[in-house]
Amino acid sequence: MVNRYIIVTVLLLLIAAPVQAIDPSRYFGKSYAVVIGIRNYPTHWDALEYAEKDAKAMAELLEKQGFEVRRFIGREATRNNIVSYLEDDLATRLTTNDRIIFYFSGHGATKERGGKNFGYIIPYEGTDRSATWISMEKLRELAQKLGYAHHQLFIFDSCFGGLFATKGHMNSEPEDTPNYIGEMAKHRARQYLTAGGAGEQTPAGSQLPGYREHSHYTAYLLKGLEGAADTYRDGVITASELDAYLGPAATSNMNKPRGDSFAGHEQGNFLFRSPLPATTRGGTIFTSQTKGFQSGRNEDRREVERLQAEIERLERLRAEERSRPKSYTPESYTKPVAVKNTLSKEDQAQALYEWQHDIQGSASSYTVEQFLKLYPVGSHVPAAQKKLNELRARGQ
């Protein structure tokens, strides 16, 4: 038995090695990015000290990830320049194998019109009149005109109440789905992340060590993409992982980050290359069988399939071993660690707020599971556990 486990360990180490250099871009034709940052507005709006630094840092990170980046910084970030580039340039070049990310760091606003709230981002020349801004409706229209793109992700370091989405949920397939990365690339993705909601303001500067030259939200966004959000360790960082990381990490007494999907989402997940080495199965299965996607070299696929078959055989052996009766001695018994049965008043209030405003309506078991890990006790637990069980039963 000892020899078998030694063989298993060695094989798993050997199998893990090829997944450390996973690059999600191989699933796509071209990867495009539109990055916008506005520090000084000529009229009406206060200066945003970190916005242009944020945009430049995001552009550099995305270029390293293989994106073709179009920057609109400062006075270049006019309404006409942004809309014209998306509609008249990029939309005409996109193919069904491509993907696009849109990042904006600047002022955002919410206006009530006709009994409803409408969200906007403010371009460089924006005045105090909403007709000079770019509405969420306009961005959703542009997203449709960019509809050839297989994956779309919009990130807003501004606050407007999550008004970009019409319906949907951020998450998609569970991370333990066979060929998880391939499945995420195969399905269409329409997702967004935002720093906060209507009436909220994001803190101006970050206190995060190593990121203090950036705004609060983008500091955590950059840290997340540099590895902090890679919770599953499968060689990629998904938009869902970013959402799960940014929710608690970038929340302050002024803002609460949000993530969601919008019209056209089909269970895909925007993918970034993780700088951390992969250690889980999700990254070992790295070929797409979907027509229209790059599947890698044939010899790579055969090797992956062989290694996957070996993993499955070893797991069957482990399952058989676990199913055998075991006897426990006092020396092998570990006393369970006691779980706190109370929360502070502040934590109770935060847990109930998140449950009522975000988690209760989620269609993702992963989101509910992460919420319960963050708040494992409290009056919300029975309802949250019931919802988690229902979502798992439906395979969501």
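About the thresholds
Residues numbered from 1 in each chain as written. Predicted model: local features only at pLDDT ≥ 70, side-chain atom pairs only at ≥ 80, totals over all residues. Heavy atoms only, no water. Pairing = 2+ DSSP bridges. Helix = DSSP H or I, 4+ residues; strand = E, 2+ residues; numbered from the N terminus. Axes fitted to C-alpha atoms, helices over the stretch in contact; angles between N-to-C directions. Contact = heavy atoms within 4.5 Å. Phe/Tyr/Trp six-rings, centres within 6.5 Å; stacked < 30°, edge-to-face > 60°. Buried < 20%, exposed > 50% of the residue type's maximum accessible area, 1.4 Å probe, protein only. Lys, Arg positive; Asp, Glu negative; His and termini not counted. Salt bridge = Lys/Arg side-chain N within 4 Å of Asp/Glu carboxyl O. Polar contact = N/O pair within 3.5 Å; in protein donor to acceptor, adjacent residues only side chain to side chain.

**So, the sheet that holds strand S10 (residues 258–261)**
Right, on to step 1. Spatially, the six strands line up as an open sheet ordered S2-S1-S3-S7-S8-S10, and their pairing is mixed. If you trace the sheet from one side to the other, it starts and ends with strand S2 (68–73) and S10, each paired once. Between one strand axis and the next, the sheet turns through 10° on average, direction left out of account.
Right, on to step 2. Where strand S1 (residues 31–37) meets strand S3 (residues 99–105), seven bridges bridge the pair, whose relative direction is parallel. Looking across to S3, one finds that Tyr32 is bridged to Ile100.
Right, on to step 3. Together, S1, S2 and S3 form the strand contacts of helix H3 (residues 79–93), whose direction differs from that of S1 by roughly 180°.
Right, on to step 4. The sheet strands contacting helix H6 (residues 216–228) are S3, strand S7 (151–159) and strand S8 (189–196), and the helix crosses S7 at an angle near 145°.

**Some points on the packing of aromatic side chains**
Any pair of aromatic rings gets described here by the distance separating the centres and the angle formed by the planes.
Right, on to step 1. The full count for this structure, using the stated rule, is 10 aromatic pairs.
Right, on to step 2. On the basis of an interplanar angle of 55° and a centroid distance of 6.5 Å, the ring pair of Tyr41 and Trp45 is categorised as tilted.
Right, on to step 3. On the basis of relative accessibility, which here comes to 8%, the residue Tyr41 falls in the buried class.
Right, on to step 4. Look at Trp45 and you get buried, because its relative accessible area is 17%.
Right, on to step 5. Ring geometry for Phe67 versus Phe270: centroids 6.2 Å apart, planes at 15°, classification stacked. Linking Phe67 in the loop between helix H2 (51–64) and S2 with Phe270 in the loop between S10 and strand S11 (271–273), this pair joins segments that are 203 residues apart in sequence.

**Details of the side chain of Asp98**
Right, on to step 1. Structurally, the position occupied by Asp98 is in the loop between H3 and S3.
Right, on to step 2. Salt bridges are absent for the buried Asp98, whose nearest opposite-charge side chain, Lys30, sits at 7.0 Å.
Right, on to step 3. At 2.8 Å, the side chain of Asp98 forms a polar contact with the backbone nitrogen of Thr95.
Right, on to step 4. Ignoring any residue separated from it by four or fewer positions in sequence, one finds Asp98 in contact with Phe28, Gly29, Lys30, Tyr32, Arg93, Ala149, His150 and His151.

**As for the sheet that holds strand S4 (residues 108–113)**
Right, on to step 1. Taken together, the three strands give an open sheet; going across it, the order is S4-S5-S6, and neighbouring strands pair in antiparallel fashion. The sheet is open, and its two edges are formed by S4 and strand S6 (134–135), each paired on a single side.
Right, on to step 2. As paired strands, strand S5 (residues 116–121) and S6 are joined by two bridges and run antiparallel to one another. Across the sheet, Tyr120 pairs through a bridge with Ser135, a residue of S6.

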